[in-house]
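A closer look at the structure
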2 protein chains.
Amino acid sequence: MSGIDLEVIYGTALELAAKAGEMIRDAFWKEKSVDTKMSAADLVTETDQAVESTVKAIISAKYPNHKFIGEETTAAAGNHCVWTDEPTWIIDPIDGTTNFVHSIPEVTFSLGFTLNKQVVIGVVYAPIKDELFTAKLNQGAFLNGKKLTVNKTKDISKAVVIMEGGSSRDVDIVDKKIKNIYAMVSNSHGVRAYGSAALNLSHIAAGRGDAYVEYGIHVWDFIAGALIAKEAGATVLDPTGSELDYMHRRVLCACTPEVANQISEKLIHLDMGFD
Amino acid sequence: MSGIDLEVIYGTALELAAKAGEMIRDAFWKEKSVDTKMSAADLVTETDQAVESTVKAIISAKYPNHKFIGEETTAAAGNHCVWTDEPTWIIDPIDGTTNFVHSIPEVTFSLGFTLNKQVVIGVVYAPIKDELFTAKLNQGAFLNGKKLTVNKTKDISKAVVIMEGGSSRDVDIVDKKIKNIYAMVSNSHGVRAYGSAALNLSHIAAGRGDAYVEYGIHVWDFIAGALIAKEAGATVLDPTGSELDYMHRRVLCACTPEVANQISEKLIHLDMGFD
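Remember, it's a predicted structure, so these values are computed and weren't measured experimentally.

Bringing the pairing of strand β6 (residues 118-126) of chain B into the picture now. Residue and element names in this part refer to chain B. Of all nine residues making up β6, eight are buried, and the element is well covered by its neighbours. By the bridge criterion, seven bridges tie strand β5 (residues 108-115) to β6 in an arrangement that is antiparallel. Bridging across to β6, L111 finds its partner in V123. Between β5 and β6, which pair antiparallel and follow one another directly, the connecting turn spans two residues, one of which, N116, has a positive phi of 55°. Direction of pairing for β6 relative to strand β7 (residues 131-136): antiparallel, over a ladder of six bridges. Bridge pairing in β7 places A126 opposite E131.

This is the structure we're talking about:
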C-alpha cells in the first residue's frame, strides 16, 4: 500500500479521538439505555453504537479503500474479524462500557491503525480524565505529549498486577480466572482491577502498575494499548510466553521480561477463542 | 466535652489535609524507602511516618487535650486502639501505601474526628487527583464542594462492587477473600479494585460503583470514608448485616439497603480481629 502518509493518518486518529471523547463526555452523566450481549454483564449502550458509526463514517469518507474492524460492527454481525494487509482501522468506541454505564471515569476510546498486519498507530483516549495516550511504531509512547517509560520491577513479589473478572459468567471460565487472581494476590504486592483493557495497558505504559494479564478480551480492546505499552518499553506477549497473536483474545503485558515470565508460569492459560 | 467548636475543628481538618497532601505530592514521583510490616505486601514508607508525625504535632499543639489514633503510631506500638468519648483524631497518613510506593494515583490522606465515640467529621483527600471528599455529621457529603449522592441500584446483578485482595498473605485469609471475590464476580456487573479503603468508600459516595466490602482493614482506613459514604446516603454496616463496629476491622458499604443485604448473604464473613 504505497501512498499512505502516516502523519495524515495520525492526525485523523487524533481527530476521531477528540470527536469520540466529546460524544462520550456528553453522554457520561446522563441516563443510559443499556442492552446486554454475550452475558448479563456484557453491556452495550446507544453511545457505543453512535460513536462507532460516527467514527466509521468519517473514516469511510476520508479513506474509502481502508478496512474497518469495530466492536459494535463485528459483534453485531457475529462474524470473525477479517484482518488483512490492507490499511485497517481497529476501533473500540467505548472500552470500559460497564464503567461508562456506572459513570465510573475509567472509560476510553481505543483506536489502532494497522498496515501489512503491523500495528503502526495506537491512540487510547480517556475523555472523562482527559488522558490521551498515543504511540507510533518505533517512536515511543506519550501521555498528553509526555514520554512514557515502564517501571523497572524485575520480581513479581514487588509487582502490582492488573487483572479483571471480565464479563463472561461461564462457571468454568470464572473459576479459572479467579484461580489466576488468587495466584497473583498470593505472589505480588497486590492486584488492581479498573475495568478497561485499553486503559490497563496504558497504565502499565505510564508506570502505574507492573503487569496486566487478561483472557477473553477482543482485538479492539487491546491492539492500541499493546502498541502504547510496547513503545513505553513493556514486554507484550501471549500469556503462555509465546508471541502475541492479536486475534487470540488474550494478552500479557509486563514492565520487564522477568516479570512477564514469572507471571506466565503461575497462570492457568484460558483459551477463549479467536476474533 | 463542652467548648468544642466543630467549625474550628473542621477548619483544622482541612488544613491538615492540605499539609499532608503537599507532603504526599512532593514525595510521589521520587524514589521511596520502603519497609514491610505484617507481610511482604504490607508496606510503609518514610512519607507515611513523616505525614503522621507532622499532623500529630499540629494537633497536639492546637488541642493538647485531644486524643490521637494514627496508623503509624498505633501499628508501631503494636497496641490495640484506646478509643474513648474524648475528642479523638483518627488518622491514616497515606491510605493506599502500595499505590503510593508504585506511583499509582489512588492515594489518600484520611482523617476522622470523633466525639463521644460518634464520627462527626470525615475528610479524605486524594492529592494526586486533587479530590477532596468531606462530610460533617447530618450535613451531607461533598467532593470539592459539590454535594454527593449514592446510586439507586437495588439489585446486585446490576451492581459494580469494589473489593480488594488486601495485604495479608495468610493462606486461609486469602483463600476466603478470593471465594468472596468469586461470589461477587459471578453475581454482579463486575468487580473493581483500586487499593485504598478510604477512596473506595468515597467512590461509593460519589456514585462510582454501588458497593464496597473489605475484611482486614483498620479503623483509620475507613472511619472517615464511612461517614462520607453515609452522608451521601449509603448503607454502611458490619458485613454480617449488623451495626458497624469501627474497631472490628471490616466494613460493608452499599448504595442501598437492598444491595447491602444481597451482598451480605453471599459472603464468607472473615473475622480478622479488633483494633
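From this point, things continue past the structure.
What follows is about the relation of the copies chain B and chain A. With an RMSD of 0.0 Å, the fit of chain B onto chain A corresponds to turning through 180° and sliding 0.0 Å along the axis. Seen this way, the second copy is the image of the first under a two-fold rotation axis. Within chain B, A193(B) has its C-alpha nearest the rotation axis, a separation of 2.3 Å. Interface overlap between copies is the fraction of interface residues in one copy that are interface residues in the other; for chain B against chain A it reaches 100%, indicating a shared surface.

All names here are of chain A. The positions that UniProt labels "binding site: Mg(2+)" (unreviewed entry) are, in the present scheme, E71, D92, I94, D95 and D221. Sequence-wise these annotated residues cover 151 residues; spatially they are packed, their C-alpha atoms never more than 9.4 Å apart. By the element assignment, I94 lies in strand β4 (residues 88-95). Given a relative accessible area of 1%, I94 falls into the buried group. Look past the residues within four positions of I94 in its chain and what remains in contact with it is I24, T47, D48, E71, F100, V107 and T108. The buried category is assigned to D95, whose relative accessible area is 5%.

Interfaces are frequently sized by the accessible area removed from exposure as the parts join. Counting residues at the interface gives 36 residues for chain B and 36 residues for chain A. The contact between chain B and chain A buries some 2900 Å² in all, and 58% of this surface belongs to carbon and sulfur atoms. Between the two partners, chain B and chain A, sit zero salt bridges. The tally of links from chain B across to chain A stands at 11 residue pairs in polar contact (both at pLDDT 80 or more). Contributing elements (two or more residues each) for the side of chain B that touches chain A: α4 (97-101), α5 (171-187) and β11 (190-192) of chain B.

Sheets are built from strands paired through backbone hydrogen bonds, the pairs being either parallel or antiparallel. Residue and element names in this part refer to chain A. Reading across from one edge, β11-β10-β12-β14-β13 is the order of the five strands in this open sheet, with mixed pairing throughout. Of all the strands in the sheet, just β11 (190-192) and β13 (235-237) have a single pairing partner and so form its edges. Each strand of the sheet is rotated relative to its neighbour by a mean of 20°, with strand direction disregarded.

Moving on, we come to empty space enclosed by the protein. Under the definition given, this model contains three cavities of 30 Å³ or more. Empty space within the largest cavity amounts to approximately 120 Å³. Along its surface, the largest cavity is lined by 15 residues, and I181(A), A193(A), I181(B), V191(B) and A193(B) are the ones closest to its centre. Looking at the lining of the largest cavity, the elements that each hand over two or more residues are α5 (171-187) of chain A together with α5 and β11 of chain B. Taken together, the residues of the lining of the largest cavity sort by class into 10 nonpolar, two polar and three charged.

On to the side chain of S39(A). All names here are of chain A. Residue position: S39 is located in the loop between β1 (34-36) and β2 (43-45). Residue S39 is classed as buried on the basis of its relative accessible area of 14%. Not counting residues within four places of it along the chain, the set of residues in contact with S39 comprises S167 and R169.

Conventions adopted
- Residues numbered from 1 in each chain as written.
- Chains lettered and ligands numbered in written order.
- Predicted model: local features only at pLDDT ≥ 70, side-chain atom pairs only at ≥ 80, totals over all residues.
- Heavy atoms only, no water.
- Buried < 20%, exposed > 50% of the residue type's maximum accessible area, 1.4 Å probe, protein only.
- Helix = DSSP H or I, 4+ residues; strand = E, 2+ residues; numbered from the N terminus.
- Pairing = 2+ DSSP bridges.
- Least-squares fit on C-alpha atoms with pLDDT ≥ 70 in both.
- Contact = heavy atoms within 4.5 Å.
- UniProt positions renumbered as here; feature names shortened; annotations may be inferred.
- Buried area = accessible area lost by both parts, 1.4 Å probe.
- Salt bridge = Lys/Arg side-chain N within 4 Å of Asp/Glu carboxyl O.
- Polar contact = N/O pair within 3.5 Å; in protein donor to acceptor, adjacent residues only side chain to side chain.
- Axes fitted to C-alpha atoms, helices over the stretch in contact; angles between N-to-C directions.
- 1 Å grid on protein atoms, 1.4 Å probe; cavity = no way out; pocket = protein on both sides within 12 Å on 5 of 7 lines; lining within 4 Å.
- Points joined across faces, edges and corners; volume = space filled by probe spheres on them.
- Nonpolar A, V, L, I, M, F, W, Y, C, P; charged D, E, K, R; others polar.

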